[in-house]
Amino acid sequence: MSKNVTPYKDSNLNKKKQVEQMFDTISTNYDGLNRVISFGIDVKWRKKVIEMVSATNPESVLDIATGTGDLAISLAKTGAKRIVGLDLSEGMLAVGREKIADEKLTGKIEMIQGDSEALPFEDNSFDAITVAFGVRNFENLEKGLSEIFRVLKKGGIFVILETSVPTKFPFKQGYNFYTKNLLPLIGKMFSKDKVAYSYLSESAAAFPYGEKLNNILRETGFIDVRHHPQTMGVATIYSASK
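Residues numbered from 1 in each chain as written. Predicted model: local features only at pLDDT ≥ 70, side-chain atom pairs only at ≥ 80, totals over all residues. Heavy atoms only, no water.

(A) Looking closely at the pattern of salt bridges. Throughout the structure, instances matching the rule amount to 12 salt bridges. The residue Asp115 makes a salt bridge to Lys16 at a minimum N-O spacing of 2.8 Å. Pair noted here: Asp115 is in the loop between β3 (109–113) and β4 (126–132) and Lys16 is in helix α1 (residues 15–26), with a separation of 99 residues, a long-range link. Between Arg97 and Glu90 there is a salt bridge, with the nearest N and O atoms lying 2.6 Å from each other. A residue is classified by how much of its surface remains accessible, and Arg97, at 32% relative accessible area, is partly exposed. Its relative accessible area of 32% is what places Glu90 among the partly exposed residues. Taken together, the salt bridges that share partners define one network made up of Lys16, Asp115 and Glu117. (Salt bridge = Lys/Arg side-chain N within 4 Å of Asp/Glu carboxyl O. Helix = DSSP H or I, 4+ residues; strand = E, 2+ residues; numbered from the N terminus. Buried < 20%, exposed > 50% of the residue type's maximum accessible area, 1.4 Å probe, protein only.)

Quick look at the structure:
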């Protein structure tokens, strides 16, 4: 089980509500700030996720923790007939719906507010499920993964894109300096929420990655579990099936 890091340490709200509040607050400048913080490399990582999903020719795709819909919009390239983006934060979803309208994809992508640990779908509903930079925000990781397993069809693909920590010198030292010092500073300068980007770096450092997450996926019931480190290990793409 991952360490339960929360955005607001002095809040009486549970992690789920804190995460919802945080993303509602930073939703309007989240996309632009993220491009700056990741140096735009996250776009390349998402393309790899799309390639993995496209290879399975899915008819239905669910993007959990969809945020402002970047991945959901890209998933339209898979040819899927049904695409659903789900997120806790209505603020993020509102931004996403505007982007989807601009892309003229409103009739193809449905954006709904929902809880990853209590998915509002029947068993075996989706051919593919994705989560980009969202699993570390689950309040109960194992419960969220079990719900994903439940609504994924047999033979379907599950792909996670998540931050991880480089293990080799000097990338590990550089990553630690950047996430602990520069990232929170950038967040404080440009975000309305002064603690949000401190939380994002702390939650990334505390989250199980690599073989640890692989083992949790296997324990949940997933098969064909693999992980693919990206850009010296600052992110990892995980794939699994049912």
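(B) Expanded view of the nonpolar core. One finds Leu62, Ile64, Phe121, Ile129, Ile148, Phe158 and Leu217 to be the most contacted residues of the largest nonpolar core, which totals 27 residues. The set of elements that each furnish at least two residues to this core consists of β1 (60–64), β2 (82–87), β4, α6 (141–151), β5 (152–163), α9 (211–220) and β7 (235–241). Here this core takes four residues from α6, the largest share from any one element. With residues up to four places along the chain from it excluded, the contact list for Ile129 reads Leu62, Ile64, Ile148, Val151, Leu152, Ile157, Phe158 and Val159. (Core = buried A, V, L, I, M, F, W, Y, C linked by side-chain atoms within 4.5 Å. Contact = heavy atoms within 4.5 Å.)

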